[in-house]
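The residues making up each chain are set out below.
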Amino acid sequence: MRLASPLLALAAIAPAYAQLAVTSVTRLPAPDSFADPEFTVPYPGGGALACYADAATDDGAGSVRIVRVDESGVVLWQRNDPIATREGRLDSLRVTPGGSILLNTQNNSEAALEGVLHSIDSDGVLEWSTWPSSVAGGPFVGHVAGFSPSGDIYVIGYTQGDVTFSALLIDASTGDELWRVDRPGVSDMLVPQSILGSSTGSDLFAAYDDGTAYTAIRIDPSGQVVYERSGLGFPYNVGFTGINNGIRTALATADGEFVIGISLIFATGPAPPFQSYLTRLDASGATRWIESTSTASEIAGAVLMDGSDIVVGYRRNGGLLRRIDADGANVWQSTGPPGVRRVDRLTRGPDGSTTVTFLTGPGPGSGNGRQIACYDASGSVRGTLQLESTSSVATSFVFDAAPSVADDRGSSWVTYVSAEPSGASSIARDVAVARVVLDQADESTVCVQSTPNSTGAPGRLTALGSPVADRNDLTLVGEDLPTGQTVLFLAARQGGFTPNPGGSAGDLCLGVPLARYAEDLRTSDSDGRAVLLLDLAATPEGAGTTPVLTGETWFWQAWHREPSGGSHLTSAVSVTFD
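Residues numbered from 1 in each chain as written. Predicted model: local features only at pLDDT ≥ 70, side-chain atom pairs only at ≥ 80, totals over all residues. Heavy atoms only, no water.

Visitor: Could you give an account of the overall build of the protein, with specific residues and numbers?
Guide: A count of helical and extended segments in the protein gives 1 helix and 46 strands. Put simply, the protein has 578 residues, and 60% of those count as buried. For the protein, contacts bridging at least 24 residues in sequence account for 53% of all contacts bridging at least 6. By element, 50% of the accessible surface of the protein is carried by carbon and sulfur atoms, the whole surface being about 20,800 Å². (Helix = DSSP H or I, 4+ residues; strand = E, 2+ residues; numbered from the N terminus. Buried < 20%, exposed > 50% of the residue type's maximum accessible area, 1.4 Å probe, protein only. Contact = heavy atoms within 4.5 Å. Areas by Shrake-Rupley, 256 points an atom, 1.4 Å probe, with all protein chains shown as cover.)

What follows is the structure, given as structure tokens:
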């Protein structure tokens, strides 16, 4: 298989049966000097939400962009909302069980500004906005921690000043507060470092800094406290308080256990020593096990796998990864691919895998490259992908990336920012969202056009995704097309050869009968690409549709208009389905 996008270069992989590839790259509105991709979330039923902050200024003015794309990367709608935080950062983006989009636009307690929780419908229209009231006179700073069995919203956070921890249930339809649990006398630290929560779809689990130790609390959907544990066996601040101390992971399992991880810095300096600690509580809050890592490390995050195992990533030790079972034993341990510096983010991938984003190479400030790797359930690397800049500025590079969990088809999405160096910092130049697939399709090029289109190159077609018909995960990518032109994808059960069909330039390499995806017309983008995610269960045939079945071979090609009139065709490909 060939990598379809010229923007993304494929690294060496093992084993050789798979690779990571990109089916679409969608450029988003250009940011000002600051851009921070915070979240990428698959949207139920197809497509994704890309969310990033931009245009932050010293006085706290900024905006947050939410962009909804369909499964082929086409922008369906976008919102640009003002935010009032010191750094213009966001805290949580979730999709409720009812399909509404929840955005919390404040997480920085140093800003001393209250946040806002927005509920947005599937068309991007605001349904309601609210924020929990303070119980101690100061602003409330917090985030969404999950959902109750009825689909209502768990929120956890702090009131500043006379600091109070609060857990609340918010009505998902109206934004009204249904109940709250308050605990006084907690630490006034930055919220992302001092409080995290999780929900299994029933109870709320939260871990927070109570000012003297780390505390775990479990609350049922009626607001009753199931247990509360103050002091989890971790050291506390060890004589030095800084923003690198704090809770890095808090995951509730399906059977009601709770995994908590913290990282502590022991001193100041250019290379301060870190240590990470993990504990697992059973359903009653009793400690099952507690451990510290054997080498100096800092937890980057963790994901819960099928069953009760977790995969933990670290910001030290060459991108250290560990899979740990319910008893605290290592299932496997690995470092990142060659050239990576540390783990940046982790998400759940398809088929029990873990998708990890690593920092790579030197760069000013946060201006480091990003590489994505997919690890299977046994810890073997299934594929890697180095993100490359989408900016036209020659010196630009990728300096931040936000990957998603796997979508319904088993693919992931990623939003990333390209920037150019500017002294010790960087200037954002471009934002993009892309769909990353684990590509195993054994495609064959049926024919290559002998004559170029108006770009000066022949148009090309590539099929990316899975050759398993039941997976329904195959995408057609047309490249080297004239920009802004209509593209029609074609299909057939057999190959053929017709020169200059209907007066079009080029050769039609499909046989008859010819199927046309007339209801899925595309327009080539500014990079000369057009993308169609196929629905293999409903392939056009005659006046209706037909499913693609195991053992069948199908052929595809794309027809496109030319800017000066006339039309041309791309190369053609075939795929035999397992």
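Visitor: Help me get a handle on the state of the cysteines, residues and values and all.
Guide: Taken as a whole and judged by the stated rule, the model has 1 disulfide. Cys447 shares a disulfide with Cys509; S-S distance 1.9 Å. Taking the torsion about the S-S bond as the criterion, the Cys447 to Cys509 disulfide, at about 100°, is right-handed. Remark: Cys509 occurs in strand β39 (residues 507-510) and Cys447 occurs in strand β34 (residues 443-447); sequence separation between them is 62 residues. The exposure class assigned to Cys447 is buried, which follows from its relative accessible area of 16%. By relative accessible area, which is 1% here, Cys509 ends up buried. (Disulfide = S-S within 2.5 Å.)

Visitor: Give a description of the packing of aromatic side chains that names residues and reports values.
Guide: What the rule picks out here adds up to 7 aromatic pairs. Here Tyr214 and Phe234 contribute two aromatic rings whose centre-to-centre distance is 6.2 Å and whose plane-to-plane angle is 70°, an arrangement assigned as edge-to-face. In this pair, Tyr214 sits in strand β17 (residues 214-219) while Phe234 sits in the loop between β18 (225-230) and β19 (246-252), placing the two residues 20 residues apart along the sequence. Using a relative accessible area of 12% as the deciding quantity, one classes Phe234 as buried. Linked through ring pairs, Tyr214, Phe234 and Tyr277 together constitute an aromatic cluster. For Arg68, the ring lying beneath its charged end belongs to Tyr43, and the centroid distance is 4.0 Å. (Phe/Tyr/Trp six-rings, centres within 6.5 Å; stacked < 30°, edge-to-face > 60°. Lys NZ or Arg CZ within 6 Å of the ring centre and 35° of its normal.)

Visitor: I'd like to hear about the side chain of Ser308, residue by residue, with values.
Guide: Counting through the fold element by element, Ser308 comes out in the loop between β23 (299-304) and β24 (310-314). Non-local contacts of Ser308, meaning those with residues more than four positions away in its chain, are made with Arg280 and Ala326.

Visitor: Can you explain the sheet that holds β17? Please cite residues and give values.
Guide: Read from one edge of the open sheet, 4 strands run β15-β16-β17-β18, paired in antiparallel fashion. Looking along the sheet, the strands with just one partner apiece sit at the ends: β15 (195-199) and β18. Between one strand axis and the next, the sheet turns by 10° as a mean value, whatever way the strands run. (Pairing = 2+ DSSP bridges. Axes fitted to C-alpha atoms, helices over the stretch in contact; angles between N-to-C directions.)

Visitor: Lay out the confidence of the model for the protein with the relevant residues and their values.
Guide: With 86% of its residues at a pLDDT of at least 70, the protein reaches an overall mean of 84. Below pLDDT 50 for its whole length, residues 1-17 participates in 64 contacts with residues either more than four positions away or in separate chains. Throughout residues 107-112 the model reports pLDDT below 50, and contacts reaching past four residues in sequence, or to other chains, amount to 21 contacts. (pLDDT = per-residue confidence, 0-100.)

Visitor: An account of the sheet that holds strand β32 (residues 412-422) is requested, with residue identities and associated values reported.
Guide: Strands pair in a sheet through their backbones, by hydrogen bonds, and they do so in one of two ways: parallel or antiparallel. If you trace the 4 strands from one edge of the open sheet to the other, you get β2-β33-β32-β31, paired in antiparallel fashion. A strand with exactly one partner marks an edge of an open sheet, and here the two such strands are β2 (19-27) and β31 (397-403). Neighbour-to-neighbour, the strand axes of this sheet turn through a mean angle of 35°, independent of strand direction. The pairing of β2 with strand β33 (residues 425-439) spans 8 bridges and is classified as antiparallel. By the bridge assignment for β33, Thr26 is matched with Val433.

Visitor: Break down the pattern of salt bridges for me, citing the residues and quoting the values.
Guide: As enumerated under the stated definition, the model contains 24 salt bridges in all. A salt bridge links Asp203 to Arg218; the shortest N-O distance between them is 2.8 Å. Of this pair, Asp203 sits in the loop between β15 and β16 (204-209) while Arg218 sits in strand β17; the two residues are 15 residues apart in sequence, bridging distant segments of the chain. The two residues Asp203 and Arg218 agree in class, both being buried. Among the ionic pairs, Glu479 bridges to Arg529, the shortest N-O distance being 3.4 Å. Here Glu479, found in strand β36 (residues 474-479), pairs with Arg529, found in the loop between β41 (522-523) and β42 (530-533); they are 50 residues apart in sequence, far enough to count as distant. No difference in accessibility class separates Glu479 from Arg529, as the two residues are buried. One network of salt bridges, in which partners are shared, links Glu257, Arg280, Arg288 and Asp327. (Salt bridge = Lys/Arg side-chain N within 4 Å of Asp/Glu carboxyl O.)

Visitor: Which residues make up the nonpolar core, and what values go with them?
Guide: Ranked by size, the top nonpolar core spans 23 residues in total, and within it Leu474, Phe489, Leu534, Trp556 and Phe577 carry the most contacts. Broken down by secondary-structure element, the contributors of at least two residues to this core are β35 (460-465), β36, β37 (486-492), β42, β45 (553-561) and β46 (567-576). (Core = buried A, V, L, I, M, F, W, Y, C linked by side-chain atoms within 4.5 Å.)

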